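Descriptive structure summary
Okay, here's what each chain looks like letter by letter:
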Amino acid sequence: MVDKVKSTAGEALAGLLFDGMTIMAGGFGLCGIPENLIAAIREAGTKDLTVISNNCGVDGFGLGILLENRQIKKMVSSYVGENKLFEQLYLSGELELEFNPQGTLAERIRAGGAGIPAFFTRTGYGTLVAEGKETREFDGEMYVMERGLTADLAIVKAWKADAEGNLVYRKTARNFNPMMATAGKATLVEVEEIVAIGALDKDAIHTPGIYVDRLILGAKFEKRIERVTTRPREEKTGETV
């Protein structure tokens, strides 16, 4: 069996990074992002990157640190509202943006991983999203053709894994990660726990190890909250302490 488990994020990325490459990065907002692998890419200094991700982190964290280091040339995303630097770079022409409806982005990644080069969707027809794309009528409705997405490298965050690379994600951190794991020429995963082979419930495995090339136990996870929203605690009355 190939030894997929590597000691550090840098070791996992060895030989896979090159200028001008396309990287898929899992996560939604700051939930389920591969923070250790992102930090290692920043340290490597790889530049002119095209990054496929739902968003680009926030200022100073997540993919935002690659923006700060001017390593990203183009983003393929569906939401960019939490990053002021992203806005500045886009408006100044320093950053390219391929904007997608969120469901379309998810399906483009899923299609790429399934070997489907293109598909038709009604979403975006008649809007800027459809400009320059093939359209076609089916059963009296107009559809836009969207291309499947693949990448040179997919970086993924999971909760648990075994040494064969079988993965389990935790709750909403599942988001874009399983789709991206199938759509990279190479897939690197960071996890919070590596368990013995056979310890995972076979019916509960979300991503089979066949898709995973290299695996690390994350050195640390900040798991920042993108927006903290609280409400006043309700006072309970009539209780005896």
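A brief structural summary.

What counts and how
- Residues numbered from 1 in each chain as written.
- Predicted model: local features only at pLDDT ≥ 70, side-chain atom pairs only at ≥ 80, totals over all residues.
- Heavy atoms only, no water.
- Helix = DSSP H or I, 4+ residues; strand = E, 2+ residues; numbered from the N terminus.
- Contact = heavy atoms within 4.5 Å.
- Pairing = 2+ DSSP bridges.
- Right-handed = clockwise from strand over helix to strand, strands pointing away.
- Axes fitted to C-alpha atoms, helices over the stretch in contact; angles between N-to-C directions.

1. Things to note about the environment of Lys 47
- Its location among the elements puts Lys 47 in the loop between helix H2 (35-44) and strand E3 (49-52).
- When the C-alpha atoms of Lys 47 and Gly 184 are compared, they prove to be 18 Å apart, with 137 residues separating the residues in sequence.
- If near-sequence neighbours (up to four positions away) are discounted, Lys 47 is found in contact with Asp 19, Gly 20 and Gln 71.

2. Considerations on the pairing of strand E4 (residues 72-77)
- Strand direction decides the pairing type here: E3 and E4, joined by 4 bridges, are parallel. The residue bridging Val 51 from the neighbouring strand is Met 75, located in E4.
- Where E4 lies against strand E5 (residues 96-99), 4 bridges are found, and the strand directions are parallel. In the strand pairing of E5, Met 75 is matched with Leu 97.
- Handedness of the crossover joining E4 and E5 through helix H4 (residues 84-91): right-handed.

3. Observations concerning the sheet that holds strand E8 (residues 141-147)
- Taken in spatial order, the 3 strands make up an open sheet running E6-E8-E7, and their pairing is antiparallel. In the strand order of this sheet, the two ends are held by strand E6 (118-121) and strand E7 (135-138), each with one partner. Between one strand and the next, the sheet's axes are offset by a mean angle of 40°, whatever the strand orientation.
- Here E7 runs beside E8; their pairing, made up of 4 bridges, is antiparallel. Within E8, the residue paired with Arg 136 across the bridge is Tyr 143.
- Strands E6 and E8 of the sheet are contacted by helix H5 (residues 102-113), whose axis makes an angle of about 155° with E6.

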